Amino acid sequence: MKMMTKMMFAAGVYAFAAPAIANAAVAIDQQQTITTVSMAVFSQTGLAQSFRQSASNITGAGVYLTASAGSGPGSLTIALYTNLPNVSGATLLASGSANYSANNQWIDVSFTPTSIVSNQTYYLVFTGTSGYGIAGSVNNPYAFGQTYANPGYGSFPAFDYAFRTYADTAVAAVPEPATWSLMVLGFGMIGAAARSRKVKTTVSFA
């Protein structure tokens, strides 16, 4: 297809594997499960998917792994960013890695539970072993994000990787750096106000 200069296609329907994140408090928050096309391979670089989390925390993510050549062992890293890494001011919030020995399956990684703003756009960035890639769909099945691929994070608005994110309501989340700054500032103001108060004590004698 002309509109997808370096994106690679290969028809195929795959079976889903069970989630690797085993915790009763962890649940899938966002997902796109259509895996009919091999969307891109890790050697292309610049692979990312935007999404909007319903929960105010994120504790992991996964993608549906496929292989364009070979089936040896490999590794996957998924990083969570506030924007695409090549955009000024983008902040890395969390990252996780996993090893795998087979293709055509879901691969999940865990994050330290991290506070995010619900319904705000965030970005998952994928890196992995050359020869492997991510399946997905070219029919825009996920309404709250899109695919990026190739050096410079080329935009493909109608495409979506097969991905999923997790939220954990049982674990206290680690705030974003900006949230920490506001908290520290608030505590400082409270402390300053307390120190500046003058307490007057009246003593009466019988």
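Description of the structure in this document. (Residues numbered from 1 in each chain as written. Predicted model: local features only at pLDDT ≥ 70, side-chain atom pairs only at ≥ 80, totals over all residues. Heavy atoms only, no water.)

### A few points about the environment of Y123
By the element assignment, Y123 lies in strand β8 (residues 121-128). What makes Y123 buried here is its relative accessible area of 12%. Taking the C-alpha atoms as reference points, Y123 and F51, 72 residues apart in sequence, are found 6.3 Å from one another. Here Y123 is in contact with Q49, S50, F51, A79, L80, Y81, T82, N83, L84 and Y148, once residues within four sequence places are set aside. (Helix = DSSP H or I, 4+ residues; strand = E, 2+ residues; numbered from the N terminus. Buried < 20%, exposed > 50% of the residue type's maximum accessible area, 1.4 Å probe, protein only. Contact = heavy atoms within 4.5 Å.)

### Re the nonpolar core
If you look at the biggest cluster of nonpolar residues, it comprises 33 residues, and the most contacted ones within it are F42, I78, L80 and F126. Those elements that place two or more of their residues in this core are β2 (37-41), β3 (47-52), β4 (57-67), β5 (74-81), β6 (92-100), β7 (105-115), β8 and β9 (132-137). If we skip the residues at most four places from it in the chain, F42 touches L47, L65, L76, Y100, F126, T127, G128, T129, Y132, G133 and I134. Counting eight residues, the second-largest nonpolar core is a separate cluster that includes A48, Y123, V125 and Y153. (Core = buried A, V, L, I, M, F, W, Y, C linked by side-chain atoms within 4.5 Å.)

### Quick notes on the pairing of β5
Burial within β5 is extensive, with six of its eight residues counted as buried. Two elements, β5 and β6, share eight bridges in a ladder whose sense is antiparallel. Each bridged residue has a counterpart across the sheet, and for A79 the counterpart in β6 is S95. Examined bridge by bridge, β5 and β8 share six bridges and lie antiparallel to one another. Its bridge partner being in β8, A79 is matched across the sheet by V125. (Pairing = 2+ DSSP bridges.)

### What about the pattern of salt bridges?
Per the counting criterion, the structure on display carries one salt bridge. For R164, the salt bridge is made with D108, and the minimal N-O distance between the two is 2.8 Å. Taken together, the residues span a long stretch of sequence, with R164 in strand β13 (residues 163-168) and D108 in strand β7 at a distance of 56 residues. The exposure class of R164 is buried, given its relative accessible area of 5%. (Salt bridge = Lys/Arg side-chain N within 4 Å of Asp/Glu carboxyl O.)

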